[in-house]
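# Architecture at a glance
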Amino acid sequence: MKYDPLYDPLTSQNPGTGRDYAPSYWVASAGTPPPNDGPVTQDFDTDVVVIGSGSTGVSTALYLAQEHGIKAVILEANQTAWGCSSRSGGQGQNASGRLSRSQWIERWGLDTAKKLDREIYTGFENFKELVSQIDCDATDGGHLYVAHRTEKMTYLQNEAKVRKEVFGYDPLLMSAQELREQYCDDRDAAGALLEREGVGIHPLKFTYGLLRKAQSLGVKIHTSSPVESWETINGVHHIRTPGGIVRAKRIAICTGGYGVQGLKPIKNRILPILSNSVVTRPLTDAEIAACNFRTHTFLTDTRTLRFYYRLLKDNRLQLGSRSSISGADANAPEHLKLLTDAIARKFPPLAGIQIDYSWWGWVDVSHDMMPRITQPDPKQMVWHALGYGGNGVSFSTWAGKRLAELVAGSKVNSEVFKLPIYNSPLEFPNLFGKVRSETLAPFRRLGQSFLYKWYWLKDEK
């Protein structure tokens, strides 16, 4: 089926059946996908079903096979890694969720924040090890957090202090001039913070590599097989797909922002948010010199509705940000203009440059801005890993490893699973963080529209 640019997880019954990829740069440059097992064509039994074939789902299946001897079956509605893993920015950071480390301290206290930091950093190191084993155009240059206004340098100074004095990292603050001389001439920058932990990747090549590893251990992946419904009979899940019913003892939900409302364990517990991306034609030597691009290190800025950008290895500029509220409005021209205006503002020599690739995709944002890798109902053999909030490129693979441990029943009594991202459920929507209730779900996009206007005023005025 053709790609549907207006697909919306909150209004569509499912993501489709066998739909083509979004027209991303990653799809155009990833090469041939690994072979798959085709659609489900008959009823069959298995031990574990993984829903979703992005980096979370594939890594869950990989670790189930590699560390627990369980050969899972992956069900994918469309194509392999059709969602976030073929549309993201490819920025692998030492992070997960939308909260900073200083906010972790505010929410959970210093002791829990330190334990959470060690857990996410361990996941980042594991991600780096996986990247070293897969040809995915990796660039290990850290992450530049760019102050888009002078007053944002105070925020970066505080984050640098917390990272260094509390968590033991070695961040580097730099002036706008130092950024422009050493990295790139970003005219929108008032300074920057270099976090030395960061690896940029080609996310689709990376996920294809993970899948090949998983398949070598006996993992099966059925594409064009959306989960239409399921019921549990005598402890066995009967998962209905267009081609047949898959009976499984255990289910792992790894759908990211593409988990439709019909999946009851996550209904109204994730807000899918659109992120748009563009990739330009290759820059000429003169354009690279004019923008003083001296590195492929990736950057994000301090806007609440942040821009993320970098020079790719083939000298194209990639840039993305948040845009439309609904899928129905996703291809409106103002969302593309938001990105091309940002290119012109940040890099004036590139104003009006040809855009070769333009796409968008759904980010899984939890209502309290942090992920959950957990079993939502202890009575049901169903688990999920969701809610990365745009910071899942590296942490998704570690979430898959932890999810595999939970599904397999391994280490479930260890201290790490007492951390809040493992031992608490995804929350329902909230009203200014004070009232949380599922009854607020129908009004989320109204609230999102208001917040986007408020964020824009704060960011730009």
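Residues numbered from 1 in each chain as written. Predicted model: local features only at pLDDT ≥ 70, side-chain atom pairs only at ≥ 80, totals over all residues. Heavy atoms only, no water.

What follows concerns helix H9 (residues 333-346). Here H9 spans 20 Å end to end across 14 residues, near enough to the 20 Å set by a 1.5 Å rise per residue. Those residues of H9 not exposed but buried are His335, Leu339, Ala342, Ile343 and Lys346. End-on, the buried residues of H9 take up no more than an arc of 100°, which puts them together on one face. Contact partners of the buried residues in H9: strand E12 (270-280), strand E13 (298-301), strand E14 (308-311), strand E15 (317-322) and strand E16 (355-366). (Helix = DSSP H or I, 4+ residues; strand = E, 2+ residues; numbered from the N terminus. Expected span 1.5 Å × (residues − 1). Buried < 20%, exposed > 50% of the residue type's maximum accessible area, 1.4 Å probe, protein only. Arc of directions from axis to C-beta. Contact = heavy atoms within 4.5 Å.)

So, on to the pattern of salt bridges. Evaluation of the coordinates by the stated rule reveals 31 salt bridges. Between Asp188 and Lys346 there is a salt bridge, and its shortest N-O distance comes to 3.2 Å. Of this pair, Asp188 sits in the loop between helix H6 (176-182) and strand E6 (191-195) while Lys346 sits in helix H9; the two residues are 158 residues apart in sequence, bridging distant segments of the chain. Overall, Asp188 belongs to the buried group, its relative accessible area being 10%. Lys337 serves as the salt-bridge partner of Asp341, at 2.7 Å between the closest nitrogen and oxygen. (Salt bridge = Lys/Arg side-chain N within 4 Å of Asp/Glu carboxyl O.)

Now for a nonpolar patch on the surface. A cluster of nonpolar side chains, namely Leu431, Phe432, Val435, Phe450, Leu451, Trp454, Trp456 and Leu457, defines an oily patch on the protein surface of about 850 Å² accessible area. If you tally residues by element for the nonpolar patch, the top one is helix H12 (residues 444-460), at five residues. The exposure class assigned to Val435 is partly exposed, which follows from its relative accessible area of 46%. (Patch = residues over 30% accessible without salt bridge, like charges linked within 9 Å, V, L, I, M, F, W, Y side chains within 5 Å. Areas by Shrake-Rupley, 256 points an atom, 1.4 Å probe, with all protein chains shown as cover.)

Quick look at the state of the cysteines now. In total, this model carries zero disulfides according to the counting rule given. Considering cysteine sulfurs only, Cys84 is the nearest to Cys136, which forms no disulfide, with 17 Å between them. In this structure Cys136 comes out as buried when scored by relative accessible area, which is 1%. In this structure Cys291 is not part of a disulfide, and its nearest cysteine sulfur, from Cys184, lies 8.3 Å away. For Cys291, a relative accessible area of 1% puts it in the buried group. (Disulfide = S-S within 2.5 Å.)

Attention now moves to the nonpolar core. Counting residues in hydrophobic clusters, the biggest one holds 53 residues, and the most contacted among them are Phe206, Ile373, Phe395 and Tyr422. Listed by contribution, the elements that provide at least two residues to this core are strand E1 (44-51), helix H2 (55-68), helix H4 (110-133), helix H7 (203-216), strand E18 (382-386), helix H10 (395-408) and helix H11 (420-423). Look past the residues within four positions of Phe206 in its chain and what remains in contact with it is Phe127, Leu130, Val131, Ile134, Cys136, Ile201 and Thr397. Of all hydrophobic cores here, the second largest spans 26 residues; its members include Met174, Leu179, Cys184 and Phe293. (Core = buried A, V, L, I, M, F, W, Y, C linked by side-chain atoms within 4.5 Å.)

Where helix H3 (residues 101-108) contacts H4, the two axes come as close as 7 Å, and the packing angle between them is 135°. Looking at the two axes, H3 sits oblique to H4. Seen from above, H3 lies across H4 with right-handed handedness. Along the contact surface, H3 presents Arg101, Trp104, Ile105 and Trp108, while H4 presents Leu110, Thr112, Ala113, Leu116, Asp117 and Ile120. Its residues assigned to classes, the contact of H3 with H4 comprises seven nonpolar, one polar and two charged. (Axes fitted to C-alpha atoms, helices over the stretch in contact; angles between N-to-C directions. Parallel < 35°, antiparallel > 145°, perpendicular 65-115°, else oblique. Left-handed = near helix turned anticlockwise from the far one by under 90°. Nonpolar A, V, L, I, M, F, W, Y, C, P; charged D, E, K, R; others polar.)

This part takes up the side chain of Thr56. Relative to the helices and strands, Thr56 is located in helix H2. Not counting residues up to four positions away in its chain, the partners in contact with Thr56 are Cys254, Ala385, Tyr388, Ser396 and Gly400.

Spatial strand order, E5-E6-E4-E13-E14-E15-E12-E16: eight strands in an open sheet with mixed pairing. Strands at the two margins of the open sheet, each flanked by one partner only, are strand E5 (172-175) and E16. Taken pair by pair, the neighbouring strands of this sheet meet at an average axis angle of 20°, ignoring direction. Taken strand by strand, H12 contacts E12, E15 and E16, and its axis lies near 45° from that of E12. (Pairing = 2+ DSSP bridges.)

With 14 residues, H2 extends 19 Å between its outermost C-alpha atoms, agreeing within 8% with the 20 Å of an ideal straight helix rising 1.5 Å per residue. Of all 14 residues making up H2, eleven are buried, and the element is well covered by its neighbours.

Aromatic ring pairs are reported here in terms of the distance separating the ring centres and the angle at which the planes meet. What the rule picks out here adds up to 13 aromatic pairs. Between the aromatic rings of Tyr121 and Tyr169, the centroid separation amounts to 5.9 Å while the plane-to-plane angle is 65°, which identifies the pairing as edge-to-face. Separated by 48 residues along the polypeptide, Tyr121 in helix H4 and Tyr169 in the loop between helix H5 (152-165) and E5 bring together distant segments of the chain. Residue Tyr121 is classed as partly exposed on the basis of its relative accessible area of 23%. The exposure class assigned to Tyr169 is buried, which follows from its relative accessible area of 8%. Ring plane angle 45° and centroid distance 5.0 Å describe the contact between Phe293 and Phe347, whose orientation is recorded as tilted. Within this pair, whereas Phe293 is found in the loop between helix H8 (285-290) and E13, its partner Phe347 is found in the loop between H9 and E16, the two being separated by 54 residues in sequence. The same class applies to Phe293 as to Phe347, namely buried. (Phe/Tyr/Trp six-rings, centres within 6.5 Å; stacked < 30°, edge-to-face > 60°.)

This paragraph deals with the pairing of strand E11 (residues 244-253). With eight of ten residues buried, E11 lies mostly within the body of the structure. Sheet topology places E1 next to E11; seven bridges connect them, and they run parallel. The partner of Val49 across the bridge, within E11, is Ile251. With five bridges connecting them, strand E10 (residues 236-241) and E11 associate as antiparallel partners.

Relative to the helices and strands, Val416 resides in the loop between H10 and H11. Note: C-alpha distance between Val416 and Arg118 (298 residues apart in sequence) is 9.9 Å. In this structure Val416 touches Glu119, Arg402 and Tyr422, once residues within four positions along its chain are discounted.

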